[in-house]
Amino acid sequence: QVQLVESGGGLVQAGGSLRLSCAASGRTFSSYAMGWFRQAPGKEREIVAAISSSGGSTYYADSVKGRFTISRDNAKNTVYLQMNSLKPEDTAVYYCAAVLTIVVVTTTQEYDYWGQGTQVTVSS
């Protein structure tokens, strides 16, 4: 069982930056691939970025490539999402998720554990 708690969301102006953190419980965090997802009002949840269990492989949605960076610190049981050059269309609730595998996972349905989400609002 893995429990995930996101933090770092907030209100920021367009062009600004935020760093989201997701702290995981348990002693086997390094066995889990992790992902960041987001869901805007009236829209389906979509993947933003994902990272393998070791951190050696990553995936980014086209909409955030070059602006967002996913990373993890297995010693701290934490995964991060650094978000730069934020746009109003990045406004959403952001969720982190975990799945027990070593490879990058990009599909929502494959993730087993989810955090409660953190709101990110980008004003124009």
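Residues numbered from 1 in each chain as written. Predicted model: local features only at pLDDT ≥ 70, side-chain atom pairs only at ≥ 80, totals over all residues. Heavy atoms only, no water.

So, on to the sheet that holds strand β7 (residues 68-73). Judged by pairing direction, the sheet is antiparallel, and its four strands sit side by side in the order β1-β3-β8-β7 without closing on themselves. Each end of this open sheet is capped by a strand with a single partner; those strands are β1 (4-7) and β7. In this sheet, adjacent strand axes meet at a mean angle of 15 degrees when their direction is disregarded. The pairing of strand β3 (residues 18-24) with strand β8 (residues 78-83) spans six bridges and is antiparallel. Looking at β8, one finds that L20 is bridged to L81. (Pairing = 2+ DSSP bridges. Helix = DSSP H or I, 4+ residues; strand = E, 2+ residues; numbered from the N terminus. Axes fitted to C-alpha atoms, helices over the stretch in contact; angles between N-to-C directions.)

Right, let's get into the pairing of strand β11 (residues 118-123). Only one face of β11 is buried, namely the one carrying T118, V120 and V122, since none of Q119, T121 and S123 on the opposite face is buried. Of the strand pairs in this sheet, strand β2 (residues 10-13) and β11 are connected by four bridges, and their pairing is parallel. The residue bridging G10 from the neighbouring strand is V120, located in β11. The pairing of strand β9 (residues 92-99) with β11 spans three bridges and is antiparallel. Bridge pairing in β11 links Y94 to T118. (Buried < 20%, exposed > 50% of the residue type's maximum accessible area, 1.4 Å probe, protein only.)

With respect to the helices and strands, the residue R72 is situated in strand β7. Notably, R72 is buried but unbridged: the nearest opposite-charge side chain belongs to D73, and the N-O separation is 8.3 Å. Side-chain polar atoms of R72 contact the backbone oxygen of F29, separated by 3.0 Å. (Lys, Arg positive; Asp, Glu negative; His and termini not counted. Salt bridge = Lys/Arg side-chain N within 4 Å of Asp/Glu carboxyl O. Polar contact = N/O pair within 3.5 Å; in protein donor to acceptor, adjacent residues only side chain to side chain.)

Moving on to the packing of aromatic side chains. Counted under the stated rule, the structure contains four aromatic pairs. Through a chain of ring-to-ring contacts, the aromatic side chains of F37, Y111 and W114 assemble into a single cluster. Positioned over the ring face of W114 is R45, at 4.8 Å from the centre of the ring. We note R72 situated over the ring of F29; from NZ or CZ to the ring centre the distance is 4.4 Å. (Phe/Tyr/Trp six-rings, centres within 6.5 Å; stacked < 30°, edge-to-face > 60°. Lys NZ or Arg CZ within 6 Å of the ring centre and 35° of its normal.)

Our next topic: unusual backbone geometry. Positive phi, close to 55 degrees, is recorded for N77, a residue that is not glycine. You can see N77 is positioned in the loop between β7 and β8. The backbone phi angle of S85 is positive, close to 50 degrees, even though this residue is not glycine. Inspection of the secondary structure assignment puts S85 in the loop between β8 and β9. S85 gets classed as partly exposed once you look at its relative accessible area, which sits at 41%.

In this section: the nonpolar core. Among the nonpolar cores identified, the biggest contains 30 residues, and M34, W36, L81, M83 and Y94 are the most heavily contacted of them. Going through the elements one at a time, β3, β4 (33-39), β5 (46-51), β7, β8, β9 and β11 are the ones with two or more residues in this core. When residues no more than four places from it in sequence are discounted, the contact partners of M34 are L4, C22, F29, A50, I51, I70, R72, V79, A97, A98 and Y111. Counting residues in each nonpolar core, the second largest holds eight residues, with F37, V99, V105 and Y111 among its members. (Core = buried A, V, L, I, M, F, W, Y, C linked by side-chain atoms within 4.5 Å. Contact = heavy atoms within 4.5 Å.)

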